[in-house]
Amino acid sequence: MVGVLVGWLALISVAQAEEENEWPRGHYPLPEEGNVIGDTYRITVDDRGDTLLDIARRHNLGYREIVRANPDVSLWIPGEGTEVTIPGRFILPDAERTGIVINIAELRLYYYPEVDDGETPRVETYPIGIGREGFGTPLGVTETTMNIENPAWYPPESVQREARARGEKAPSVVPPGPDNPLGDHAIILGFDGYLIHGTNQPDGIGMRASRGCIRMFPGDIESIFDRVPPNTQVQIVNQPIKIGWEEEQPLVQAFPPLEEEGHSMSALEDTVTRLNQRGVEGLSFDDGQLRGLLDDPSGRMVSLNPKPAPEPDRKHDTGYKGIYAEIALRRP
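Everything numeric in this text was worked out from a predicted model, so none of it was measured. (Residues numbered from 1 in each chain as written. Predicted model: local features only at pLDDT ≥ 70, side-chain atom pairs only at ≥ 80, totals over all residues. Heavy atoms only, no water.)

(A) Layout of the overall build of the protein. A tally of regular secondary structure across the protein gives eight helices and 15 strands. A buried classification covers 42% of the 332 residues belonging to the protein. For the protein, restricting intrachain contacts to residue pairs at least 6 apart in sequence, the fraction spanning at least 24 positions comes to 65%. When the accessible surface of the protein is summed, it comes to about 18900 Å², and 51% of that surface belongs to carbon and sulfur atoms. (Helix = DSSP H or I, 4+ residues; strand = E, 2+ residues; numbered from the N terminus. Buried < 20%, exposed > 50% of the residue type's maximum accessible area, 1.4 Å probe, protein only. Contact = heavy atoms within 4.5 Å. Areas by Shrake-Rupley, 256 points an atom, 1.4 Å probe, with all protein chains shown as cover.)

Structure representation (structure tokens):
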């Protein structure tokens, strides 16, 4: 009987592993412990016509993510045989794991779909574009209200005003089609005037380029469109510093803040406090390493080192031991 039970459990584990291996890019089982998903890996460019943006899109990344991870690789002509780093490892945002969570500092959306009994709880993550400076994406908790396929776009007054300043006339409505900046799918949010939508300019995913709405690659929003029902909770957060834990190892992922002044001293103090709240008893962190991460927020996930041991007091280091040390210290 025990043998049958063990065999049955083994079959379940194999089936779950096979199910997870068949998931699309960006789909991960929720970790049983910790809050880290995915892996960082490298690929070799095998198509001389590929741009770095083409590679990013195929590997579930946005513009800034691929560029920050490959600062020495040409954006437009990476070149056949070039190695490209794919930063596909993520720390889940510090937010309730339900519905949609959008971290605007990270330019990334996380979707926690409801699962049936026996299904593996999972999270899906997608790169996004958000509002540019002066058109910030609002923070807070709202919900989806309506899903619209082939939406029409009604340019807001700000768009029409800018068109008039250029001596142009903005249309009152842009019908569905290739010129529609909403793409083919739009999910209306409870925040008045804000949507999650596709785009006719996919190269802008991973940038601050919209007027406050959340843009997704056309294929990405199409993949969730029918699975996000009305009244799904949406949390929009701004977490430029994320703290992760994997097998009691502290990890930090720091992104450039949306404001121009960079991370302040209060950000460092807040991060240290959060680490200490979650930390293992007796564990201390290298404050200098952490300060360096905040001074150069690259979005890379970094393992924090323990606090270095204090330098020995060289003033009393004579090289003598025992009574000879005492004699040496008494010398004028």
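(B) Broad picture of the pattern of salt bridges. Within this structure, the stated rule accounts for ten salt bridges. Ionic pairing is found between Glu83 and Arg42, a salt bridge with its closest N-O pair at 3.0 Å. A residue pair is termed long-range when its members are at least 10 positions apart, and Glu83 in strand E3 (residues 83–91) and Arg42 in strand E2 (residues 36–44) qualify at 41 residues. The class for Arg42 is partly exposed, based on a relative accessible area of 49%. For Arg227, the salt bridge identified is with Glu124, shortest N-O distance 2.8 Å. Of this pair, Arg227 sits in the loop between helix H5 (218–225) and strand E12 (233–237) while Glu124 is found in strand E6 (residues 122–131), placing the two residues 103 residues apart along the sequence. (Salt bridge = Lys/Arg side-chain N within 4 Å of Asp/Glu carboxyl O.)

(C) Broad picture of H5. Three or more residues of H5 are buried, namely Asp220, Ile221, Ile224 and Phe225. Looking straight down H5, one finds that the buried residues subtend no more than 135° of arc, so they occupy a single side. Where H5 is buried, its residues contact strand E5 (108–112), E6, strand E7 (140–149), strand E8 (185–189), strand E9 (195–197) and strand E11 (214–216). (Arc of directions from axis to C-beta.)

(D) Molecular detail of the pairing of E6. Counting buried positions over the ten residues of E6 gives ten, a clear majority of the element. Where strand E1 (residues 27–29) lies against E6, three bridges are found, and the strand directions are antiparallel. Its bridge partner being in E6, Tyr28 is matched across the sheet by Val123. Judged from the four bridges that link them, E5 and E6 form a sheet pairing that is antiparallel. (Pairing = 2+ DSSP bridges.)

(E) Focus on the sheet that holds strand E14 (residues 249–254). Read from one edge to the other, the open sheet built from three strands follows the order E13-E14-E15, with strand pairing classed as antiparallel. Where the open sheet ends on each side, the last strands, each with one partner, are strand E13 (241–246) and strand E15 (301–303). Ignoring strand direction, the axes of neighbouring strands in this sheet form an average angle of 30°. Bridge count between E13 and E14: six bridges; the pairing is antiparallel. Each bridged residue has a counterpart across the sheet, and for Trp245 the counterpart in E14 is Pro250. Here helix H6 (residues 265–278) sits on the sheet in contact with E13 and E14, set at roughly 20° to E13. Along the sheet, helix H7 (residues 287–295) makes contact with E13, E14 and E15, crossing E14 at roughly 25°. (Axes fitted to C-alpha atoms, helices over the stretch in contact; angles between N-to-C directions.)

(F) Quick look at the environment of Ile43. You can see Ile43 is positioned in strand E2. Sequence separation of Ile43 and Gly81 is 38 residues, and the distance between their C-alpha atoms is 9.2 Å. When residues no more than four places from it in sequence are discounted, the contact partners of Ile43 are Ile55, His59, Thr82, Glu83, Val84 and Ile86.

(G) Molecular detail of the packing of H6 against H7. Interaxial distance between H6 and H7 falls to 11 Å at its minimum, and their mutual angle equals 130°. Between H6 and H7, the angle falls in the class oblique. For the element pair H6 and H7, the recorded crossing hand is right-handed. Here Met265, Ala267, Leu268, Thr271, Val272 and Leu275 of H6 lie close against H7, whose contacting residues are Asp287, Leu290, Arg291 and Leu294. Taken together, the residues of the contact of H6 with H7 break down into seven nonpolar, one polar and two charged. (Parallel < 35°, antiparallel > 145°, perpendicular 65-115°, else oblique. Left-handed = near helix turned anticlockwise from the far one by under 90°. Nonpolar A, V, L, I, M, F, W, Y, C, P; charged D, E, K, R; others polar.)

(H) Molecular detail of the nonpolar core. Counting residues in each nonpolar core, the largest one holds 22 residues, and the members touching the most others are Val84 and Tyr110. Considering each element in turn, this core owes the most residues, four residues, to helix H2 (residues 52–58). Among all residues touching Tyr110, those that are not within four sequence positions of it are Ile37, Phe90, Ile91, Leu92, Pro93, Gly99, Ile100, Val101, Val123, Glu124, Thr125 and Lys242. Leu109, Ile128, Leu189 and Val228 belong to the second largest nonpolar core, which has 21 residues in total. (Core = buried A, V, L, I, M, F, W, Y, C linked by side-chain atoms within 4.5 Å.)

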